[in-house]
Amino acid sequence: MPTISSARVQCVALLGQVLGQGRLLSEAMSGPAWQALSAPDRAAAQRMAQEVLRNLERCDRLLKPHLRKGPPLFVRNVLRLGAWELCTGGAAHGVVNDCVQIVAQDRKAQSMKGLVNAVLRKLSADGPAQWAKLRVPRLPRWLREPLVAAWGGKAVAAMEAAHLAGAPLDLTAKGDPAALAQAVGGVLLPSGSVRLAEAGQVSALPGYEAGDWWVQDAAAALPARLLGDVAGLRVLDMCAAPGGKTMQLAAAGAQVTALDLSEARLARVAENLARTGLRAEIVAGDALEHQGTYDAVLLDAPCSATGTIRRHPDLPHAKQGEGISELIGLQERMIDHALSLLAPGGRLVFCTCSLIPDEGECQIEAALARHEGLELLQAEAPGVEAGWRAPEGGLRLRPDFWAERGGMDGFYMAVLRKPGGSAPFQGDLPDPTG
Ligand SMILES: C[S@@+](CC[C@H](N)C(=O)[O-])C[C@H]1O[C@@H](n2cnc3c(N)ncnc32)[C@H](O)[C@@H]1O
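Note that residues are indexed from 1 along each chain, following the sequence as it is written. In keeping with the model being predicted, local features are shown solely for residues with a pLDDT of at least 70 and side-chain atom pairs are shown and tallied solely at 80 or more, while totals for entire chains, interfaces and linings include all residues.

Our next topic: the overall build of the chain. On a plain count of helices and strands, the chain comes out with 17 helices and 12 strands. Here the radius of gyration uses the C-alpha set of atoms, whereas the globule reference equals 2.2 Å times the residue count to the power 0.38. A compact globule built from 434 residues would reach a C-alpha radius of gyration of about 22 Å, and the chain, at 24 Å, matches this within 12%. With respect to the three principal axes, the spread of C-alpha positions in the chain is 85 × 45 × 40 Å. For the chain, long-range pairs separated by at least 24 residues make up 71% of all intrachain contacts whose partners lie at least 6 apart in sequence. Helical segments are the DSSP runs of H or I of at least four residues, strand segments are the runs of E of at least two, and each set is numbered from the N terminus. Contact criterion: two residues are in contact if their C-beta atoms, reconstructed from the backbone, are within 7 Å.

Those places that UniProt annotates as "domain: SAM-dependent MTase RsmB/NOP-type" (unreviewed entry) correspond, in this numbering, to residues 131-419. Secondary structure across residues 131-419 divides into 31% helix and 20% strand, with the first and last C-alpha atoms of the span separated by 57 Å. UniProt positions are given in the numbering used here, feature names are shortened, and annotations may be inferred rather than shown by experiment.

The next subject is the UniProt feature "binding site: S-adenosyl-L-methionine" (unreviewed entry) in the chain. As annotated in UniProt, the feature "binding site: S-adenosyl-L-methionine" (unreviewed entry) corresponds to Cys 239, Ala 240, Ala 241, Pro 242, Gly 243, Gly 244, Lys 245, Asp 260 and Asp 300 in the numbering used here. The greatest C-alpha distance among the annotated residues, which extend across 62 residues, is 12.9 Å, indicating that they converge on a single site. Along the polypeptide, Ala 240 turns up in the loop between strand E5 (234-237) and helix H13 (244-251). Residues with at least 20 neighbouring C-beta atoms inside 10 Å of their own are called buried, those with 12 or fewer are called exposed, and the rest are partly exposed, where every C-beta is derived from the backbone. A count of 28 C-beta atoms within 10 Å places Ala 240 in the buried class. What Ala 240 contacts, discounting residues up to four positions off in sequence, is Lys 245, Thr 246, Ala 258, Leu 259, Asp 260 and Val 269. Turning to its location among the elements, Asp 300 is positioned in strand E8 (residues 294-300).

Attention now goes to the nonpolar core. By convention the nonpolar core is taken to be a set of buried residues drawn from Ala, Val, Leu, Ile, Met, Phe, Trp, Tyr and Cys and joined through C-beta atoms within 7 Å. If you look at the biggest cluster of nonpolar residues, it comprises 111 residues, and the most contacted ones within it are Val 297, Leu 299, Phe 350 and Met 413. Ranked by the residues each element gives to this core, the list is headed by helix H6 (residues 73-87), at eight residues. Listed in part, the 10 residues of the second largest apolar core include Met 159, Ile 324, Ile 328 and Ile 356.

On to the sheet that holds strand E3 (residues 194-196). When DSSP finds two or more bridges between two strands, those strands count as paired. Spatially, the four strands line up as an open sheet ordered E2-E3-E1-E4, and their pairing is antiparallel. Across the chains shown, the open sheet's two edge strands, defined by having one partner strand only, are strand E2 (187-188) and strand E4 (213-215). In terms of strand pairing, strand E1 (residues 169-173) meets E4 through three bridges, oriented antiparallel. By the bridge assignment for E4, Ala 173 is matched with Trp 213. The convention used is that axes are lines fitted to C-alpha atoms, helices contributing only their stretch in contact, and that angles between N-to-C directions extend from 0 to 180 degrees. Together, E1, E2, E3 and E4 form the strand contacts of helix H11 (residues 177-184), whose direction differs from that of E3 by roughly 15 degrees.

Relative orientation of the contacting elements H6 and helix H8 (residues 113-131) amounts to 40 degrees, with a least axis distance of 8 Å. Considering their axes alone, H6 and H8 lie oblique with respect to each other. Considering the relative orientation of H6 and H8, their crossing is right-handed. Counting all contacts with H6, which are made through Val 75, Val 78, Leu 79, Gly 82, Ala 83, Leu 86 and Cys 87, the residues of H8 involved are Val 116, Val 119, Leu 120, Leu 123, Ser 124, Gly 127, Pro 128 and Trp 131. Each residue belonging to the contact of H6 with H8 can be placed in one class, and the counts come to 12 nonpolar, three polar and no charged. Each angle receives one of four descriptions, namely roughly parallel if under 35 degrees, roughly antiparallel if over 145, roughly perpendicular if within 65 to 115, and oblique otherwise. Crossing handedness follows the turn of the near helix against the far one: under a right angle anticlockwise gives a left-handed crossing, and clockwise gives a right-handed one. Polar here means any residue other than Ala, Val, Leu, Ile, Met, Phe, Trp, Tyr, Cys and Pro, which are nonpolar, and Asp, Glu, Lys and Arg, which are charged; Gly is therefore polar.

The next point concerns the packing of helix H1 (residues 6-21) against H6. Interhelical geometry of H1 versus H6 gives an angle of 125 degrees and a closest axis separation of 9 Å. In terms of orientation, H1 and H6 fall into the oblique class. The handedness of the crossing between H1 and H6 comes out as right-handed. Judged by residue contacts, Arg 8, Cys 11, Val 12, Leu 15, Gly 16, Leu 19 and Gly 20 of H1 engage Leu 73, Phe 74, Asn 77, Val 78, Arg 80 and Leu 81 from H6. Class assignment for the residues of the contact of H1 with H6 results in eight nonpolar, three polar and two charged.

By definition, a residue lies near a molecule or strand provided its backbone-derived C-beta atom is within 6 Å of it. Looking at the ligand, there are 17 residues lining it, with Cys 239, Gly 244, Leu 261, Ala 287 and Asp 300 nearest. Looking at the shell around the ligand, the elements that each hand over two or more residues are H13 and strand E6 (255-260). In terms of residue class, the shell around the ligand is made up of nine nonpolar, three polar and five charged.

Between Ala 241 and Pro 242 the backbone carries a cis peptide bond, its omega angle lying at 5 degrees. With respect to the element layout, Pro 242 can be found in the loop between E5 and H13. Although it is not a glycine, Ala 305 sits at a positive phi angle of roughly 60 degrees. Of note, Ala 305 is situated in the loop between E8 and helix H15 (315-318). A positive phi angle, near 55 degrees, is found at Trp 402, a position not held by glycine. With respect to the element layout, Trp 402 can be found in the loop between strand E11 (395-397) and strand E12 (411-417).

Here we come to the domain arrangement of the chain. With domains assigned, the chain is organised as domain 1 (6-131) and domain 2 (217-417). These domain limits were set by an automatic method or by a database of domain assignments. Computed over C-alpha atoms only, the centres of domain 1 and domain 2 are separated by 37 Å. Each partner contributes to the interface: domain 1 provides 10 residues, whereas domain 2 provides six residues. Counting only elements with at least two residues in the side of domain 1 that touches domain 2, the list comes to H1 and helix H4 (39-54). Examining the composition of the side of domain 1 that touches domain 2, we find that three residues originate from one element, H4, more than from any other.

Quick look at the structure:
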């Protein structure tokens, strides 16, 4: 009997964890069976699971007419994988055989191998033509409804098209971004990030070993830039791991404290700093209990991460919106604590990779109402477009923006200034020559 592809077996296991147990792919990609896979099989299983989840609605629409009674989740996931592969160029013989074998090896499901064989053979013939006509998959209702209420149906449809298209690879340069763009054969974006349409193996790109760059979405690279010239300033990166913004601040010459609750995630900050040869003080602890005085705080608060669905198509399927109201409360407390850590006149950049206004615009409006004298500064950085400016004064970025360039993560960001004396920001300093 031919061996079954381990990547397909693991893909089905991953789908089971996401769709049956509400685990994120990043959590599900662990354990002995996962560790035992070769690196190429892990990459293949992850990619297949991501693409099935990105196209879940399409897979289910194609399968529906063939399934009078809904089969158990395990069998449904095998069929979803088979449908996606058959409709996107997979070799029919190998796909159908493997899917049938995966079901045959499961004691509880083996009686359904005939059904799997029949359905996938049918789809191998007429699936690809039908696939091409299917609509762009919609977000699940728990997320779609609040987003339509916030941004309108047309905008949400454009976001869904961006989710389906996926994300290119963006890099942030430690030094000159134009030189980096040339070295890696990428495009220099107006905001200063370097974009590659085809990622390939990231660690094989020029300059990886030397630490000349790190992976960071173009939208995620903007909040640190909103602090302006931070050379020599004391800056707290309040939720720092895995460290993309810490590295930007350190590369810009700030004295950075990188704080995070998770020791495991802080280990990645340390690795990233070691690879890039940048320096920051690493502190493990709860942001709400941290003490000190800083010229600036960057608060990239824990959030629903709904702005990152292009890269994490599992998120809307694994979660149902649970925990978001707790996150909103935490973000509010973090903003208040961050302001208490600022020297008079110091600046706070608040940001979240969320599409939900309660985690963005509303937080800033509420903070301004809670803190007398708190000022909202105009958010300025290279490449910022007029259409990104939100009514209250922050920046609203969406996955459907820059569609012709390959999109960007959804993000919200705003710059606040604490009342009182003038912290040493360039532009606020008296002219030494005058
Ligand atoms: C959005 S991620 C930060 C990403 C990071 N700024 C970057 O650019 O690489 C949010 C982080 O908040 C951390 N976190 C959650 N609750 C925290 C708390 N109470 N105190 C400090 N960090 C916390 C999480 O461990 C997570 O690493």
